[in-house]
Amino acid sequence: MTGNDEDLPVLLVDGSRFSDFAGFVREFSRLLDGYRWRGSLDAFNDVLRGGFGTPDRGWVLRWLDSDVSRRALGYEATVHWLEENLLVCHPGNRSAVAARIAAAQRGEGPTLFDAIVDIIRIHGPGGRESEDGILLELA
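What comes next concerns the included structure. Being a predicted model, the structure only gives us computed values, none of them experimental. Along each chain, numbering runs from 1 in the same order as the chain's sequence is written. Where totals are concerned, whole chains, interfaces and linings use all residues; where local detail is concerned, this predicted model gives features only for residues with pLDDT of at least 70, and gives and counts side-chain atom pairs only at 80 or more. With hydrogens and water excluded, all non-hydrogen atoms of the structure serve as input to the side-chain values.

1. Focus: the overall build of the protein
Alright, step 1. The helix and strand inventory of the protein stands at 6 helices and 3 strands.
Alright, step 2. Here a helix means four or more residues in a row that DSSP labels H or I, a strand means two or more in a row labelled E, and each is numbered from the N terminus. Secondary structure elements in the protein, listed N-terminal to C-terminal, are β-α-α-β-α-α-α-α-β.
Alright, step 3. Each radius of gyration reported is based on C-alpha atoms, and the globular scaling rule is 2.2 Å times the count of residues to the power 0.38. For the protein, the C-alpha radius of gyration of 15 Å lies close to 14 Å, the compact-globule estimate for 139 residues.
Alright, step 4. In terms of its C-alpha atoms, the protein occupies a principal-axis envelope of roughly 45 × 30 × 30 Å.
Alright, step 5. Whether a residue is buried, partly exposed or exposed follows from its accessible area with a 1.4 Å probe, protein chains only, as a fraction of its type maximum: under 20%, in between, or over 50%, in that order. Split into buried and exposed, the 139 residues of the protein put 45% on the buried side.
Alright, step 6. Contacts: residue pairs with any heavy atoms within 4.5 Å of one another. Taking contacts inside the protein between residues at least 6 apart in sequence as the whole, the part at least 24 apart equals 61%.
Alright, step 7. Residue burial considers only the protein chains on display, and all accessible areas are found by Shrake-Rupley using a 1.4 Å probe. Entry remark: accessible area of the protein is about 7,800 Å², with carbon and sulfur atoms responsible for 48%.

Okay, here's the thing in structure tokens:
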């Protein structure tokens, strides 16, 4: 990334606008120009690479009320999301997903919020796809 970070486009996710993962999907999708993200975290990773309605190179993702989102996408939401994934995942992955459900039910392991933030950070400074130039600001 070159130039001043202040010159980068800023996309705002407002954590006060949703209370569950489906709401996050809607909130993030409204930022995309001509593309609707349907909630797959693999697809979310692809969206962040560019070409799916995000700026091509270098932008700021400013997540307002991120503490509200951290709670909304915490362990309860994580269990719900994993249970939905268990229904459609490859049979060979079911035991791993079931183990993640059990851990989340105990309040252990990464939450859905953590997973989303980790994916975003892959595309920013120090991430393995840092060339995408996404700066995450949790506010």
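2. Describing the pattern of salt bridges
Alright, step 1. By salt bridge we mean one thing: a side-chain nitrogen of Lys or Arg within 4 Å of a carboxyl oxygen of Asp or Glu. The full count for this structure, using the stated rule, is 8 salt bridges.
Alright, step 2. The partner of Arg70 in a salt bridge is Asp67, with the nearest N and O atoms 3.8 Å apart. Here Arg70 pairs with Asp67, and both are found in helix H3 (residues 66-72), just 3 residues apart, close to one helical turn.
Alright, step 3. Beyond isolated ion pairs, a larger network of salt bridges with shared partners links Arg17, Glu27 and Arg30.

3. Quick notes on the sheet that holds strand S3 (residues 134-138)
Alright, step 1. Should DSSP find at least two bridges between two strands, the strands are taken to pair. Read from one edge of the open sheet, 3 strands run S1-S2-S3, paired in parallel fashion. The two strands at the open ends of the sheet, each matched to only one other strand, are strand S1 (10-14) and S3. Across this sheet, the average inter-strand angle for adjacent strands is 20°, counted without regard to direction.
Alright, step 2. Across 5 bridges, the pairing between S1 and strand S2 (residues 59-64) is parallel. Residue pairing for S2: Val13 is matched across the bridge by Trp63.
Alright, step 3. Only the stretch in contact is used when fitting a helix axis, every axis being a line fitted to C-alpha atoms; angles between N-to-C directions are given from 0 to 180 degrees. Along the sheet, helix H6 (residues 112-122) makes contact with S2 and S3, crossing S3 at roughly 145°.

4. Quick word on the layout of surface pockets
Alright, step 1. Every definition here rests on a 1 Å grid over the protein atoms only: cavities are sets of points where a 1.4 Å probe fits but cannot get out, pockets are open sets enclosed by protein on both sides within 12 Å along at least five of seven lines, and lining residues have some atom within 4 Å of a point. Grid points are joined across faces, edges and corners, and a volume is the space filled by probe spheres set on the points. Volume-wise, the largest pocket comes out at about 280 Å³.
Alright, step 2. Along the walls of the largest pocket sit 16 residues, with Leu41, Trp81, Leu82, Asn85 and Arg100 positioned nearest its centre.
Alright, step 3. Contributions of two or more residues to the lining of the largest pocket are made by helix H2 (41-49), helix H4 (75-88), helix H5 (94-105) and H6.
Alright, step 4. With 4 residues, H4 is the largest single contributor of residues to the lining of the largest pocket.
Alright, step 5. Three categories are distinguished: nonpolar for Ala, Val, Leu, Ile, Met, Phe, Trp, Tyr, Cys and Pro, charged for Asp, Glu, Lys and Arg, and polar for the others, with Gly belonging to the last. Its residues assigned to classes, the lining of the largest pocket shows 9 nonpolar, 5 polar and 2 charged.

5. Digging into the side chain of Thr54
Alright, step 1. As for its position among the elements, Thr54 is in the loop between H2 and S2.
Alright, step 2. The class of Thr54 is buried, set by a relative accessible area of 7%.
Alright, step 3. There is a polar contact of 3.2 Å between the side chain of Thr54 and the backbone oxygen of Val47.
Alright, step 4. Sequence-distant contacts of Thr54, defined by excluding residues within four places in its chain, comprise Leu32, Val47 and Trp59. Here a polar contact is recorded for every N or O atom pair within 3.5 Å, except that within protein the pair must consist of a potential hydrogen donor and a potential acceptor, and residues adjacent in sequence are included only if both atoms are side-chain atoms.

Read these as layout, nothing more, since geometry by itself doesn't imply function.
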